[in-house]
Structure formats: structure tokens, C-alpha cells
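# Chain and residue survey
So the chains spell out like this:
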Amino acid sequence: MEKTTVDNKDNRFELLKELLLADDRKDFNVLKEEVLEREKFKVKVTPVLDERIEDLKVNFSDHFGKNITEAIKIQIRESQDEVVEALYPILGKLVKKFIIAEITKLTESINQTINDKFSISQIIKRLFKGKRTDADDVLQEVFEPIIEEIFVINKDSGLLAGNYSRGNIADKDMVSGMLTAIKSFAKDSFSKDGQDIEDIKFENFQLSIQNFKTIYIATATSGVINPDFEEELLEDINNLAEIILRDRSYLIDEEKLNTIIKNIFIKKE
Amino acid sequence: MIAKKVLLVGNFGVGKTSLIRRFVLNEFSEEYISTIGVRVSSKIIQIENQEIKLLIWDVAGTSDDEKVPKAYFLGSSAAMYVFDLSREETYKNINAKVDIVKELSGLKNITIIGNKKDLVSSKEIEAIKKLIPFSIDLITSAKENENVEDAFKELAKQTLN
Ligand SMILES: Nc1nc2c(ncn2[C@@H]2O[C@H](COP(=O)(O)OP(=O)(O)OP(=O)(O)O)[C@@H](O)[C@H]2O)c(=O)[nH]1
Ligand SMILES: [Mg+2]
């Protein structure tokens, strides 16, 4: 304090600052050191870090892939219901669509192979009727072809003369939509001579339309159509057409027509 | 009353079924159940002092390398091509895709609809409009029931040409 003079105001002020801020200065110096250190540290470390980040960018999956996959797997395993619920509406139908298409292809190719290799396949089949493989059973159960609806349509009026419904399609709009589709396909595709239409996929059902002199007979089936089923179906359709065309009274008596349809197609049940 | 067959086509998931459900039943669902093959519904619509029964064919959406079976277009009086404003792949190459529909259906005019308006900003819509080489007939939202009725009216008008 010896330097202190009354008239040296600046000095006094400095001194006062010194006294008051001594502690703060200590802190400041420590901080300064730290910051400086950090700057130095940064210079040294940054390139290394960059290198690591680059490495991570490129090799992330090598470093963490396993862990993440594992974590996701566990997550999915533990919340299977949620996952299924989220994906089902999208995948369910697509998968079914895909599988049905694939199985149809497969069935066709298997049948083709069998037909190519054994012309006696029919005989064998008859011999071993009832003796089928497990795979056959499974496929049959899941994709068993079933007649869902049969429509007999009067060509002139375009009206439904009779029908059979398995009662499985609860959605009435669906059935009437089917009928609309059938009528329009029939009208447009059979109006020109010799024009034939492919079978139509209507939602999960297969529509097929047969053209006769005064009527159309249309069927909606579900499952995978195999050649045996198709052959039998066509035969039944032809039989029905023959009966109706021989006796026109069927076309004006809906009840009578419905009974005969049922008798012809649903004999096995 | 005259009945007219109309078709809705476009990539899968763009909202064809949703537009029809909104128009016919005034319903909307967030759930996506992809249409298989085709499904037909109908609704009577009043246009130019005429009642028309629209037979609306909801055709399963296609991916880029798929075509709608030609048989589905038989006897159709008009068609709507729907794309999804929020998915570029559904309007990229729209020109070529619409041409294919024209060729298959034999129709000269196709109603072009950009759906899912609620998912994009008006700025984005402007950008899309600039990108597409022909004019979009209507921008719709099946979800928020915007322009859906008008879109089908436009389609019905096409059936009278
Ligand atoms: N936010 C929004 N979502 C929509 C709109 N329209 C449809 N969606 C949704 O988009 C998804 C697909 O709609 P769909 O109507 O099934 O599409 P689609 O064109 O019929 O599809 P496919 O039958 O597979 O060809 C569903 O999850 C709908 O909820 C819309 O205007 N806004
Ligand atoms: Mg659909």
C-alpha cells in the first residue's frame, strides 16, 4: 500500500480493483488455462476425430450392425403383435395375392410336368385316390378351390335369371359389383364374334364367364383353381346350360332354376 | 337411365379406392388394403340435367412394369388417372403412363387427378404442376373430402363426349 498517494486516483482505482477482484482473477486464470489447453487439445484431436467419423460413416454397419440388428430383432420379437398389426393390412393381401399367383403357376407347372412325363397320370391318380401327400393336404386346405357364387344371366334382358350363393361373401356390394362386372364383360366381350375374355380377378375371387345362346353363366371361385377342378366346373356349367336351353321354363321360374343350379354344382356337399 | 362404365387407374396406393369410398359412401380409412384385380361399385350422379349411373371400376394399382389388363377397359366411357402428390414415382413419367392408358382404352381424354392434397403444401403443388407436361384436372384429398365430388363429375362429363 506504500505506493498509494492521495492524488494518484488512477493508481488507487487500480489498487481497489486489485483488492476486489483478486479472487476472481484467480478463477479467470484457471479458466484461461483451461481454454488454452482445450484449444491446443482441439488442434491435436480434431484430425483424429475426423478420421474416426469418416471411418464410422463408411464402416458403421461393421462396427454396430450386429448390435443394432440384434436390438431390432429383440424389439420385434418382443412386440410381435404390434408389428404384425402394423404390417398385416399391407402385407396380408399382397402376400396372399402373390402366393396364390405363385401357387397357381407352380400347380400349373407341376401338372405340366406330370402330364409330360406320365400320360398314365390319370390312371395313377384314380388308383391312388385318397392317398395324398402332406404337402397336397396343406395346399388343398389353404387354397382349396371353392365355388362361391353362380349367376345365370338372361342375355336379352340382362337380368339375373337365377343364382347360387355359398353365403360366404357377406359384403352385398361386392356381390352386386361382381354381377355388374360380369354383365359388362359379357356384353362387351361377346358382342364381337370370336372375341374371348381372360378370366377376371375380382378382389380375392376368380370370375369366369361362359357364353351360351341366350344366357351367360358366370362363376366366382376362391382358392387356387387346379385343372381337375376347372374341368369339372366346365362340365357342370355345360350341363346346366343344356338343361336350361332345352327347357326355357327355367328362365321364368327363379326358384326352379336355383334348385337345379344347386343340385348340379353342390352335389359333393 | 343410362349407365356408364368408368375406370380408375394409377400406381398402387395413390388412393383410387379411397376416392371411390369417399364418393360412394362418404367414408375414409387410413388403413391400406390393396385392391386385388378389380372391384366395381356404382353411384347415380346428376350431370347436365341428366341422371347417369356410374359403374365405377376400381382397378388394382400397378407398378411401373405392369399394365392394366386390356379386358378391363372393354366398354369403358371414361377413365381417371390418379397419382399421389406426395410420391414422385407416381407422377414421374406420367405422360407415358397416360398414353398407355389411352392406347389400351381407346379413350381420347383421360381425367388426371392428383390426390392426397392434405400431405403437401401449395408450393409443392405448384412445383408438381410445372413438372407435368399437361394440365391436372383436379387436386383432391379423399381424406379431407376435397374436390372428390368434382373429380367424379368431371369424369362423368367425359362419358358424355
Ligand atoms: N393423407 C391422405 N391419405 C390418403 C388419401 N387417399 C388415400 N390415402 C391413404 O393412402 C393409402 C392407399 O389408399 P388406397 O385408396 O387403398 O389406394 P389405391 O390406389 O386403391 O391402392 P391399390 O388398391 O393398391 O391400387 C391408404 O392408407 C389411404 O388411407 C388422401 O387424400 N390423403
Ligand atoms: Mg385400391
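Described in the following lines is the structure provided in the data block. (Residues numbered from 1 in each chain as written. Chains lettered and ligands numbered in written order. Predicted model: local features only at pLDDT ≥ 70, side-chain atom pairs only at ≥ 80, totals over all residues. Heavy atoms only, no water.)

## Describing the sheet that holds strand E5 (residues 215-222) of chain A
All names here are of chain A. Read from one edge of the open sheet, 5 strands run E2-E1-E5-E4-E3, paired in antiparallel fashion. Lying at the two open borders of the sheet, with one neighbouring strand each, are strand E2 (160-165) and strand E3 (200-202). With strand direction ignored, the average angle separating the axes of adjacent strands in the sheet is 20 degrees. The sheet contact formed by strand E4 (residues 205-211) and E5 spans 6 bridges and is antiparallel. Considered in E5, the bridge of glutamine 210 is made with isoleucine 217. Packed onto the sheet, helix H6 (residues 227-246) meets strand E1 (146-154), E4 and E5 and runs at close to 150 degrees relative to E5. This element, helix H7 (residues 254-265), spans E1 and E2 of the sheet and lies at about 40 degrees to E2. (Pairing = 2+ DSSP bridges. Helix = DSSP H or I, 4+ residues; strand = E, 2+ residues; numbered from the N terminus. Axes fitted to C-alpha atoms, helices over the stretch in contact; angles between N-to-C directions. Contact = heavy atoms within 4.5 Å.)

## A look at the packing of aromatic side chains
Residue and element names in this part refer to chain B. Within this structure, the stated rule accounts for 2 aromatic pairs over all chains. Each ring, one from phenylalanine 23 and one from phenylalanine 152, has its centre 4.2 Å from the other, and the planes form 5 degrees; the classification is stacked. Of this pair, phenylalanine 23 sits in helix H1 (residues 16-25) while phenylalanine 152 sits in helix H4 (residues 148-160), placing them 129 residues apart in sequence. Each member of the pair, phenylalanine 23 as well as phenylalanine 152, carries the same accessibility label: buried. Ring geometry for phenylalanine 83 versus tyrosine 91: centroids 5.5 Å apart, planes at 65 degrees, classification edge-to-face. Look at phenylalanine 83 and you get buried, because its relative accessible area is 0%. (Phe/Tyr/Trp six-rings, centres within 6.5 Å; stacked < 30°, edge-to-face > 60°. Buried < 20%, exposed > 50% of the residue type's maximum accessible area, 1.4 Å probe, protein only.)

## Looking at the site of ligand 1
Residue and element names in this part refer to chain B. Taken together, the neighbourhood of ligand 1 is formed by 23 residues, with Ser18, Ser29, Glu30, Tyr32 and Gly61 sitting nearest. In this structure, an oxygen atom belonging to ligand 1 sits 2.8 Å away from a main-chain N or O atom of glycine 13. The separation between an oxygen atom of ligand 1 and a polar side-chain atom of lysine 16 is 2.8 Å. Burial of ligand 1 by the protein amounts to 94% of the accessible area it has alone, namely 660 Å². A per-element tally of the shell around ligand 1 places H1 first, with 3 residues. (Near = heavy atom within 4 Å. Polar contact = N/O pair within 3.5 Å; in protein donor to acceptor, adjacent residues only side chain to side chain. Areas by Shrake-Rupley, 256 points an atom, 1.4 Å probe, with all protein chains shown as cover.)

## So, the coordination of the magnesium ion (ligand 2)
Residue and element names in this part refer to chain B. In this structure, Thr17 (OG1) and Thr35 (OG1) serve as the protein donors to the magnesium ion (ligand 2), at separations of 2.0 to 2.1 Å. In this pair, threonine 17 is assigned in helix H1 and threonine 35 in the loop between H1 and strand E2 (38-47), connecting sequence segments 18 residues apart. Take threonine 17: its relative accessible area is 28%, and that puts it in the partly exposed class. (Donors = N, O, S within 2.8 Å, 3.2 Å for Na, K, Ca; no water.)

## Description of the pattern of salt bridges
Where side chains of opposite charge bring their charged atoms close, a pairing between them can arise. Going through the model one piece at a time under the given rule, you end up with 12 salt bridges over all chains. Between arginine 166 of chain A and glutamate 148 of chain A there is a salt bridge; the shortest N-O distance is 3.1 Å. In this pair, arginine 166 of chain A is assigned in the loop between E2 and helix H5 (172-190) and glutamate 148 of chain A in strand E1, connecting sequence segments 18 residues apart. On the accessibility criterion, glutamate 148 of chain A (1% relative accessible area) is buried. Among the ionic pairs, arginine 87 of chain B bridges to aspartate 84 of chain B, the shortest N-O distance being 3.7 Å. Each member of the pair, arginine 87 of chain B as well as aspartate 84 of chain B, is classed as buried. (Salt bridge = Lys/Arg side-chain N within 4 Å of Asp/Glu carboxyl O.)

## Comments concerning the sheet that holds strand E4 (residues 78-84) of chain B
Residue and element names in this part refer to chain B. Reading across the sheet, the 6 strands line up as E2-E3-E1-E4-E5-E6 and stay open at both edges, with mixed pairing between neighbours. Each edge of the open sheet is held by one strand with a lone partner, namely E2 and strand E6 (138-139). Relative to strand E5 (residues 111-115), E4 is paired through 5 bridges, and the arrangement is parallel. If you follow tyrosine 81 over to E5, its bridge partner there is isoleucine 112. Packing of H1 onto the sheet brings it into contact with strand E1 (2-9), E2, strand E3 (50-59), E4 and E5, and relative to E3 it is tilted by some 150 degrees.

## Comments concerning a negative patch on the surface
A contiguous patch of negative charge, built from Asp199, Glu230, Glu231 and Glu235 of chain A, is present on the exposed surface. Take glutamate 230 of chain A: its relative accessible area is 38%, and that puts it in the partly exposed class. (Patch = residues over 30% accessible without salt bridge, like charges linked within 9 Å, V, L, I, M, F, W, Y side chains within 5 Å. Lys, Arg positive; Asp, Glu negative; His and termini not counted. Charge placed at Lys NZ, Arg CZ, Asp CG, Glu CD.)

## Considerations on the environment of valine 38 of chain B
Considering the arrangement of structural elements, one finds valine 38 of chain B in strand E2. When the C-alpha atoms of valine 38 of chain B and leucine 7 of chain B are compared, they prove to be 9.9 Å apart, with 31 residues separating the residues in sequence. Setting aside residues up to four positions removed in sequence, valine 38 of chain B forms contacts with Ile200, Lys201, Phe202 and Glu203 of chain A together with Trp57, Asp58, Val59 and Tyr72 of chain B.

## Topic: the pairing of E4 of chain B
Counted residue by residue, E4 of chain B has 7 buried out of 7 residues, so it is predominantly covered. The alternating pattern of E4 of chain B places Ala78, Met80, Val82 and Asp84 of chain B and Ala79, Tyr81 and Phe83 of chain B on opposite faces, both of which are buried.

## Observations concerning the nonpolar core
Of all hydrophobic cores here, the largest spans 50 residues; its most connected members are Met178, Phe185 and Ile209 of chain A together with Trp57 and Phe83 of chain B. If one sorts the elements of this core by residue count, H5 of chain A sits on top with 9 residues. (Core = buried A, V, L, I, M, F, W, Y, C linked by side-chain atoms within 4.5 Å.)

## A word on the packing of H6 of chain A against H7 of chain A
Residue and element names in this part refer to chain A. Between H6 and H7, the shortest axis-to-axis distance is 10 Å and the interhelical angle comes to 150 degrees. By the angle between their axes, H6 is roughly antiparallel relative to H7. The element H6 and its partner H7 pack so that their crossing is right-handed. On H7, the residues touching Leu233, Asp236, Ile237, Asn239, Leu240, Ile243 and Ile244 of H6 are Leu257, Ile260, Ile261, Ile264 and Phe265. Partitioning the contact of H6 with H7 into residue classes produces 10 nonpolar, 1 polar and 1 charged. (Parallel < 35°, antiparallel > 145°, perpendicular 65-115°, else oblique. Left-handed = near helix turned anticlockwise from the far one by under 90°. Nonpolar A, V, L, I, M, F, W, Y, C, P; charged D, E, K, R; others polar.)

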